[in-house]
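Breakdown of the fold
So you can see what is in the structure, the chains are spelled out below.
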Amino acid sequence: TIEPLYFTYGIVFACGCSFAYQPSLVVLGYYFKKRLGLVNGIVTAGSSLFTVSLPFLLRVLIDSVGLYNTLRVLCILMFVLFLAGFTYKPLVSGAKDKEEGKKGKFRFPPEKKIFNFSVFKVTSYRIWAFGIPAALFGYFVPYVHLMKHVKDRFGDSVPEEVLLLCLGITSGIGRLIFGRVADYIPGAKKVYLQVTSFFFIGLMSMMIPLCHVFGGLIAVCLFMGLFDGCFICIMAPIAFELVGAQDVSQAIGFLLGLMSIPMTVGPPIAGLLRDHLGTYDIAFYLAGVPPLIGGAILCFIPWVHERQKLKERAKTVDGETTEKMLENESTLVSDTAEKPVKEMESGF
């Protein structure tokens with residue numbers, strides 16, 4: 001029955017994936033600074049590698065050992081995450097943490113630290129955290145419905161698996177290329193790479209219904225995969241720039257949680273449109289609109305972030321000036337207090 005799968009594969013497995021995925025993005029920023037974009041590109045390119053190879057491996061396994069044993073093989077692959085997790089060397093932040101670590105004490109962090117909503121006080125992060133979900137309502141539509149669209153339009157005469165192959169290969173290449181490019185772009189201006197990626201993802205989604213030749217669809221998937229890789233690999237570097245290393249874990253966590261809503265809603269809506277209209281054309285056209293809107297929203301982030309930095313610098317300068325003034329006043333007061341004492345001493 002499918003009901004137990006809702007809990008095991010739908011909830012427990014999904015929670016495990018989120019627990020594994022988020023730290024793998026966050027932890028890199030503690031070990032790499034100068035080439036954080038390239039490192040994120042290399043790490044995230046692994047998923048593209050398996051996106052390309054796993055479908056063929058799964059087909060061979062299912063045909064040879066059956067579905068149940070295939071799932072057991074996948075469990076063994078998941079076990080690699082245990083070993084990978086042990087490679088994260090703990091970074092102790094302070095002397096207090098060192099003492100507690102030596103004593104073997106573990107204190108559960110306070111509620112304010114677990115649900116650190118203070119990251120939303122950063123205006124540039126707030127725009128980013130709501131702009132990206134706004135762009136992702138149509139993100140999964142091509143991945144979910146493209147194969148069915150190809151069958152509707154071309155029948156069984158074309159190898160539709162080639163399209164997923166193209167998406168996976170170019171996504172991996174895009175992660176490596178744009179990850180390295182991001183290292184050369186200073187500060188929050190890295191967001192412009194995401195803006196570019198959303199523009200091309202939206203445009204390619206709208207191009208899918210216009211492709212009446214299978215070769216055209218291959219070209220669309222190649223470009224879509226390339227800029228999909230760009231969007232994914234620079235997510236962590238941007239988070240580090242906007243909120244800093246201290247709050248980056250919560251920032252990425254909140255973002256991924258908000259992203260899950262539109263990514264879940266988009267494909268069912270596209271399926272409903274297809275059921276009512278008999279074609280995926282309108283669904284793909286509409287799927288291309290949110291990335292364009294979301295990309296336009298993200299354009300404001302570098303400007304807002306720069307203004308925030310200027311305000312913080314001004315506050316710092318004002319604080320230092322006030323401290324110096326207070327120090328000068330205290331010096332003057334002490335000098336005036338010492339003068340009468342010296343005069344009295346000289347008189348005696």
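Residues numbered from 1 in each chain as written. Predicted model: local features only at pLDDT ≥ 70, side-chain atom pairs only at ≥ 80, totals over all residues. Heavy atoms only, no water.

An unreviewed UniProt entry annotates the chain as Monocarboxylate transporter 10 originating from Struthio camelus australis. Database annotation for the chain, UniProt heading Subcellular location (unreviewed entry): "Membrane". (UniProt positions renumbered as here; feature names shortened; annotations may be inferred.)

1. Re the pattern of salt bridges
Pairing is possible between side chains that carry opposite charge, provided their charged atoms lie close to one another. Scanning the entire structure with this criterion turns up seven salt bridges. Linking Arg 175 and Asp 228 is a salt bridge whose minimum nitrogen-to-oxygen distance equals 3.7 Å. Taken together, the residues Arg 175 in helix α8 (residues 161–183) and Asp 228 in helix α10 (residues 214–233) connect sequence positions 53 residues apart. Exposure remark for Asp 228: the relative accessible area of 4% places this residue in the buried category. The salt bridge partner of Asp 183 is Arg 180, with a shortest N-O separation of 3.2 Å. Residue Asp 183 and its partner Arg 180 are located together in helix α8, separated by three residues, close to a single helical turn. One salt-bridge network, held together by shared partners, links Lys 148, Asp 152 and Arg 274. (Salt bridge = Lys/Arg side-chain N within 4 Å of Asp/Glu carboxyl O. Helix = DSSP H or I, 4+ residues; strand = E, 2+ residues; numbered from the N terminus. Buried < 20%, exposed > 50% of the residue type's maximum accessible area, 1.4 Å probe, protein only.)

2. Things to note about the packing of aromatic side chains
The geometry of an aromatic ring pair is captured by the separation of the ring centres together with the interplanar angle, meaning the angle of the planes. Counted under the stated rule, the structure contains 16 aromatic pairs. Judged by centre distance (6.0 Å) and plane angle (80°), the rings of Phe 154 and Phe 214 are edge-to-face. One end of the pair, Phe 154, is in helix α7 (residues 141–154); the other, Phe 214, is in helix α10, and 60 residues separate them in sequence. A ring pair is formed by Phe 199 and Phe 200, whose centres lie 5.5 Å apart and whose planes are at 85°; its orientation type is edge-to-face. An aromatic cluster is present here, built from Phe 120, Tyr 125, Trp 128, Phe 130 and Phe 254 joined pairwise through their rings. (Phe/Tyr/Trp six-rings, centres within 6.5 Å; stacked < 30°, edge-to-face > 60°.)

3. Re the environment of Asn 69
Within the element layout of this structure, Asn 69 appears in helix α3 (residues 36–85). Overall, Asn 69 belongs to the partly exposed group, its relative accessible area being 36%. At 3.1 Å, the side chain of Asn 69 forms a polar contact with the backbone oxygen of Val 65. (Polar contact = N/O pair within 3.5 Å; in protein donor to acceptor, adjacent residues only side chain to side chain.)

4. What to know about the packing of helix α9 (residues 191–207) against α10
It is at 8 Å that the axes of α9 and α10 come closest, and there the two elements cross at 155°. As the angle between them shows, α9 and α10 are arranged roughly antiparallel. The chirality of how α9 crosses α10 is left-handed. Between α9 and α10, the residues in contact are Leu 193, Gln 194, Thr 196, Ser 197, Phe 198, Phe 200, Ile 201, Met 204, Ser 205 and Met 207 and Val 220, Phe 223, Met 224, Phe 227, Asp 228, Cys 230 and Phe 231, respectively. Residues of the contact of α9 with α10, tallied by class, amount to twelve nonpolar, four polar and one charged. (Axes fitted to C-alpha atoms, helices over the stretch in contact; angles between N-to-C directions. Parallel < 35°, antiparallel > 145°, perpendicular 65-115°, else oblique. Left-handed = near helix turned anticlockwise from the far one by under 90°. Contact = heavy atoms within 4.5 Å. Nonpolar A, V, L, I, M, F, W, Y, C, P; charged D, E, K, R; others polar.)

5. Here's the deal with helix α6 (residues 123–135)
In a regular helix each residue adds 1.5 Å, so 13 residues correspond to 18 Å; α6 covers 18 Å between its end C-alpha atoms and thus fits that length. Residues of α6 that are buried include every one of Ser 124, Tyr 125, Trp 128, Ala 129, Gly 131, Ile 132, Pro 133 and Ala 135, and no others. (Expected span 1.5 Å × (residues − 1).)

6. With respect to the confidence of the model for the chain
With 84% of its residues at a pLDDT of 70 or more, the chain shows a mean pLDDT of 81. Helix α4 (residues 95–103) is the least confidently modelled element of the chain, averaging 53 in pLDDT, while α9 averages 92, the highest of any element. (pLDDT = per-residue confidence, 0-100.)

7. Some remarks on the nonpolar core
Tyr 125, Trp 128, Ile 132, Leu 136, Phe 231, Met 259 and Leu 298 are the most contacted members of the largest nonpolar core, which totals 45 residues. Contributing elements (two or more residues each) for this core: α1 (3–26), α3, α6, α8, α9, α10, α11 (235–243) and α12 (248–277). The contact partners of Phe 231, leaving out residues within four places of it in the chain, are Ile 132, Leu 136, Tyr 139, Gln 194, Ser 197, Phe 198 and Met 259. Formed by 22 residues, the second largest nonpolar core is a distinct cluster that contains Phe 154, Ile 208, Leu 217 and Ala 287. (Core = buried A, V, L, I, M, F, W, Y, C linked by side-chain atoms within 4.5 Å.)

8. With respect to a nonpolar patch on the surface
On the surface, a cluster of nonpolar side chains totalling about 960 Å² of accessible area is made up of Phe 199, Leu 203, Met 207, Leu 210, Leu 277, Ile 282, Tyr 285, Leu 286, Val 289, Leu 292, Ile 293 and Ile 297. Elements represented by at least two residues in the nonpolar patch include exactly α9, α13 (281–287) and α14 (289–298). Counting residues per element, the nonpolar patch draws most heavily on α14, at four residues. With respect to the element layout, Leu 286 can be found in helix α13. (Patch = residues over 30% accessible without salt bridge, like charges linked within 9 Å, V, L, I, M, F, W, Y side chains within 5 Å. Areas by Shrake-Rupley, 256 points an atom, 1.4 Å probe, with all protein chains shown as cover.)

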